[in-house]
Amino acid sequence: MMSRSSSSKGLVRDGVRRSLWAVVLSTLAFVVSMLLPSLMNMQQALEDRKDMIVDGARASELAQDWKYSLADAASYIGGENPLVKLAVILLAVVAGTAMFAYLHDKRKVDFYHSLPISREKLYLVNFVTGAVCVIAPYLVLRVLTLVCAHAMGFGEAVSVGTYLGVILCDIIFFLLLYAMSALSTILCGNTIIALLLQLWVYFAPLAIQMMHEGLLSLYCKTYASMRYSDLFNHLRLSPAATYFMVNGANYGSGLADNFIRAGEPAYMLLAEYAAAALFIIALGVFAFRRRKSERAGTALAFRPLRLPVKAFMCIVMGTAFALGFRLIAGKFWLWPGLVFGTVLFHCVIEIIYAFDFRALVKHPVQMLAILAVTALLMVGMQKDVLGYDRWLPDESKVASAGLLDYGYSAAELTEKENIAALCRLAEIGHEATLNADSNDTGTVYLESHSLQFAMQNGTVKTRSYKLPVSEEVRSLLNKVYGSSEYKLKSSSLYDLDLDNAHVTDMTFCVNQLKYNSETITDGEKAAEIVKTLREERLTYTELAKPVMSFNITTDAEANNYANGAVTDRDVKTLALIKKYFGLEPTSIAPDTVSQVELDFYVPAEDTWVGLNVTDRADIAALLKDAVAGTLRMYGNSDFYDLISFKDNARVNVTPAMEDGYNVYEISYPYDSFPTSIVEKYRPAAEKLAADPSANAATADGDIMVPRSDSLG
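One structure accompanies this document, and this report is about it. (Residues numbered from 1 in each chain as written. Predicted model: local features only at pLDDT ≥ 70, side-chain atom pairs only at ≥ 80, totals over all residues. Heavy atoms only, no water.)

Structural notes on unusual backbone geometry
Rules: Secondary structure counts use DSSP, requiring at least four H or I residues in a row for a helix and at least two E residues in a row for a strand, with both numbered from the N terminus.
For F355, which is not glycine, the phi torsion reads 50° and is therefore positive. Within the secondary structure, F355 sits in the loop between α13 (334-354) and α14 (364-382). In this structure, D384 takes a positive phi of about 55° despite not being glycine. By the element assignment, D384 lies in the loop between α14 and β3 (398-403).

This is the structure:
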């Protein structure tokens, strides 16, 4: 090697020649993951377009289909192709291991370290050689893919600037993962152990985060499941996982969360990872220089690392076994699982360290100490020593806040009044949730609400609270939901771009138990209705009763869909709907209902009792102000004030159709709940709960019979 040139350039050239297998492997990997899928996708799109032309498709249909084809092609050519990301990760592992695997062979170590070249230079030559073997084929295939895209007419699918961002992103992630692989290989004295360590380094942060979330869900009363933004912030220590969440120089579509939006620039993240790659490369130089040649063949080349690495792995795996045992067999098995997992992995690691099964019971004191630490950490999570449940937002430090909806996203509310209301709700919910007793049947709670707070220091906190039924809570919720800021930021109605797109269809569903819709395709009339509803909705903050639901589709490339409700306060909008399409608000027709099922919770007996209401007058009264589940099937925020029970009337109301059709539970606006009718049947439910065999009569003398499936 030294006879050709002692320069770094010459050494790298020689190294690449000796590693042609890596060049061939990289080329094949990127052909299969990048070039071929792109060619197949573009060819299929061209064939589909040809078929549409033969079938006589209109110009507008061809133009729309071409937009979709370009977007689809961009996902293969650009930075959202998961096959390319997988290839980059695998090649980083292969290159990092192969370039430094000679350290695991004593004869090769003696040969390479006898060469007249410094350790630092030898490391850099090996590192650069591996990088060139992967990056050079990658760049060639990137250029070839782009050339093919232009030749096939798909050049506009990805702009040059975007493409350069994709290349920069892939190279940064490769260098970081490659540096981590090389460092892991240097730290070990055995190739198999090095590969296992790399697997641990890449994915341990993900496993730890999942276990942390699992423990929080078990032991913290205010726990709210992890959102995309929380997941992303916690996974920065796992570049292999984060890699799939970025699309070139931007965040990918998998991060469609209001606190971290898809499509936003990811330059800061890439800068952090580039700096991390440089740091790990420098750390690799240091470890390579300090590594003793005689450590080849051992598990870990640095003896001082053995105990910390073993302790860390045992603690993590012991916790994982504890959660696994509890999930499979129940609460009791958490502690046996913790002991089993910790002891098992301590024994396995000792065997690996010594390459001897007789080391199974070696270092029992260390094992007991690690077991004790793992148990203490578990007790700490159970006692919430980190204060997860104790946390409350400081209003002066909150940058934005929101209520999480069904889609696990929250509008970023920044107005002081909304932040103050949400902080007060958190305070009320915090006290109620921590003091809630599962055996306390005297307090009724609204369904749990998840609140999200983005703090001024950049952190995002999410908590789930049980909110007690009270006028203050209702007033605070109404203040937030009724605010113009919330409506503008939470409703998809305001995301539609009607200036640059056309409405293709609009579907209305009236208030009936069976889903019965009316679809219109007159884009101009639909757009007029949308604009009127937008303006009218912002003119009132009072609560309103939904009387119709709607779904809108436009021909925009993004934000082309919206759904929501038209309420009884949207007078101008309802007038337009009636004028153009003849639709009017309707109440649920009582003559379509054979009976209404009332399900009462009876605290004294700690049971539910179901009664069938067949009196026609009572059925009509129960249905008068009811809102059918067909209006709520899209789960959007327009239905926030509907309830299925009020105060202590723990009862669910479910109508049954004449033809036996199963329907959703109906609900009511808060001030329209039929309390008098419901309470008429409560004494009968309480009597039946106490004695299921007894006859129970209502105040009017009707004899009630419980449903066969109602007691329990």
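Read on for the rest.
Looking at the packing of aromatic side chains
We count it as follows: A pair of Phe, Tyr and Trp rings is counted when the ring centres sit within 6.5 Å of each other, with Trp represented by its six-membered ring. The angle between the planes then sorts it: under 30 degrees is stacked, over 60 is edge-to-face, the rest tilted. Throughout this description, buried means an accessible area under 20% of the type-specific maximum (1.4 Å probe, protein chains only), exposed means over 50%, and partly exposed covers the range between.
Scanning the entire structure with this criterion turns up 26 aromatic pairs. Seen in terms of ring centroids, W200 and F312 are 5.9 Å apart; in terms of plane orientation they differ by 90°. Their pairing is edge-to-face. Of this pair, W200 sits in helix α8 (residues 191-219) while F312 sits in helix α12 (residues 306-329), placing them 112 residues apart in sequence. Here W200 falls in the buried class, since its relative accessible area comes to 19%. Residues F321 and F345 carry aromatic rings whose centres are separated by 6.0 Å and whose planes lie at 65° to one another, so their mutual orientation is edge-to-face. Residue F321 is found in helix α12, and its partner F345 is found in helix α13; the two are separated by 24 residues along the sequence. On the basis of relative accessibility, which here comes to 24%, the residue F345 falls in the partly exposed class.

With respect to helix α2 (residues 20-54)
The criterion, for reference: What a helix should span is 1.5 Å times the count of its residues minus one. The reported bend at a residue is simply the angle between two axes, fitted to the 7 residues ending at it and to the 7 residues beginning with it. Contacts: residue pairs with any heavy atoms within 4.5 Å of one another.
Counted at 1.5 Å a residue, the expected span for α2 with its 35 residues is 51 Å, and the 48 Å between its end C-alpha atoms agrees. Along α2, the largest kink reaches about 40° and is centred on V31. Those residues of α2 that fall on the buried side of the exposure criterion are A22, S26, F30, S33, M34, L35, P37, S38, N41, M42, A45 and M52. Looking at the buried side of α2, the elements it contacts are α3 (59-77), α4 (82-100) and α6 (119-151). Note on α2: the residue one or two positions beyond its end, G56, has a positive phi of about 80°.

Points about the nonpolar core
Across soluble globular proteins, nonpolar side chains show a tendency to be buried alongside one another. Applied cut-off: Working definition of a nonpolar core: buried Ala, Val, Leu, Ile, Met, Phe, Trp, Tyr and Cys residues. They are joined through side-chain atoms within 4.5 Å.
In terms of nonpolar packing, the biggest core is built from 80 residues, with F30 and F100 touching the most fellow members. Residues within four places of F100 in sequence aside, it is in contact with Y123, N126, F127, A182, T185, I186 and F288. Membership of the second largest hydrophobic core comes to 31 residues, among which are I193, I315, V316 and M381.

With respect to the pairing of strand β9 (residues 561-567)
Inclusion rule: At least two bridges found by DSSP between two strands is the condition for calling them paired.
Burial within β9 is extensive, with six of its seven residues counted as buried. As defined by bridge partners, strand β8 (residues 546-554) adjoins β9 across seven bridges and the pair is classed as antiparallel. Paired with N551 across the two strands is N563, which belongs to β9.

Some remarks on the sheet that holds strand β4 (residues 449-455)
Condition: Interaxial angles span 0 to 180 degrees and are taken between N-to-C directions of axes, which are lines fitted to C-alpha atoms, for helices over the stretch in contact.
On the basis of which strands lie adjacent, the open sheet formed by three strands has the order β3-β4-β5 and antiparallel pairing. If you trace the sheet from one side to the other, it starts and ends with β3 and β5 (460-465), each paired once. Geometrically, the sheet is characterised by an average inter-axis angle of 20° between neighbouring strands, direction not taken into account. Running at roughly 65° to β3, helix α15 (residues 416-435) makes contact with β3, β4 and β5 of the sheet.

Focus on a nonpolar patch on the surface
Worth spelling out the cut-off: What goes into a patch is any residue over 30% in relative accessible area without a salt bridge, connected to like charges within 9 Å or, for nonpolar side chains (Val, Leu, Ile, Met, Phe, Trp, Tyr), within 5 Å. Working definition of accessibility: Shrake-Rupley area with a 1.4 Å probe, residue cover restricted to the visible protein chains. We define a salt bridge as a side-chain nitrogen of Lys or Arg found within 4 Å of a carboxyl oxygen belonging to Asp or Glu.
Where nonpolar side chains cluster on the molecular surface, the patch consists of L28, V32, L36 and M40 and spans about 380 Å² of accessible area. Position of L36 among the secondary structure elements: in helix α2. A relative accessible area of 34% places L36 in the partly exposed class.

Section: the packing of α13 against α14
We apply this condition: Note: crossing handedness is left-handed where the near helix turns anticlockwise from the far helix by less than a right angle, and right-handed where it turns clockwise. Three residue categories are used. Nonpolar comprises Ala, Val, Leu, Ile, Met, Phe, Trp, Tyr, Cys and Pro, charged comprises Asp, Glu, Lys and Arg, and polar comprises the others, including Gly.
Running from N to C, α13 and α14 point in directions that differ by 145°, and their axes come no closer than 10 Å. For the pair α13 and α14, the crossing hand works out as right-handed. When α13 is examined against α14, the residues L334, W335, L338, V339, T342, V343, H346 and E350 are found in contact with a partner set consisting of Q366, M367, I370, L371, T374, A375, M378, V379 and Q382. Of the residues belonging to the contact of α13 with α14, the class tally is eleven nonpolar, five polar and one charged.

Focus on the pairing of strand β10 (residues 593-602)
Extensive coverage of β10 is indicated by the burial of eight of its ten residues. Relative to strand β11 (residues 607-613), β10 is paired through seven bridges, and the arrangement is antiparallel. When the sheet's bridge partners are listed, E597 is paired in β11 with N612.

Describing the pattern of salt bridges
Tallied over the full model, the rule gives 15 salt bridges. In this structure, E120 and R289 form a salt bridge, with 3.1 Å as the shortest nitrogen-oxygen distance. Of the two residues, E120 sits in helix α6 while R289 sits in helix α11 (residues 267-290), which places them 169 residues apart along the sequence. On the accessibility criterion, E120 (30% relative accessible area) is partly exposed. For R424, the salt bridge is made with E472, and the minimal N-O distance between the two is 2.8 Å. In this pair, R424 sits in helix α15 while E472 sits in helix α16 (residues 471-481), placing the two residues 48 residues apart along the sequence. Overlapping salt bridges, with partners in common, bring together R424, E427 and E472 in one network.

A word on the packing of α4 against α8
Using the following cut-off: For classification, angles of less than 35 degrees are called roughly parallel, those exceeding 145 degrees roughly antiparallel, those between 65 and 115 degrees roughly perpendicular, and all remaining angles oblique.
Packing of α4 against α8 leaves a shortest axis separation of 11 Å and a crossing angle of 140°. With respect to α8, the axis of α4 lies oblique. Relative to α8, the crossing made by α4 is right-handed. The residues of α8 that touch α4, namely those facing A92, V93 and T97, are T191, L195, Q198 and Y202. A class-by-class count of the residues in the contact of α4 with α8 yields four nonpolar, three polar and no charged.

That's the geometry; what it means functionally is another story.
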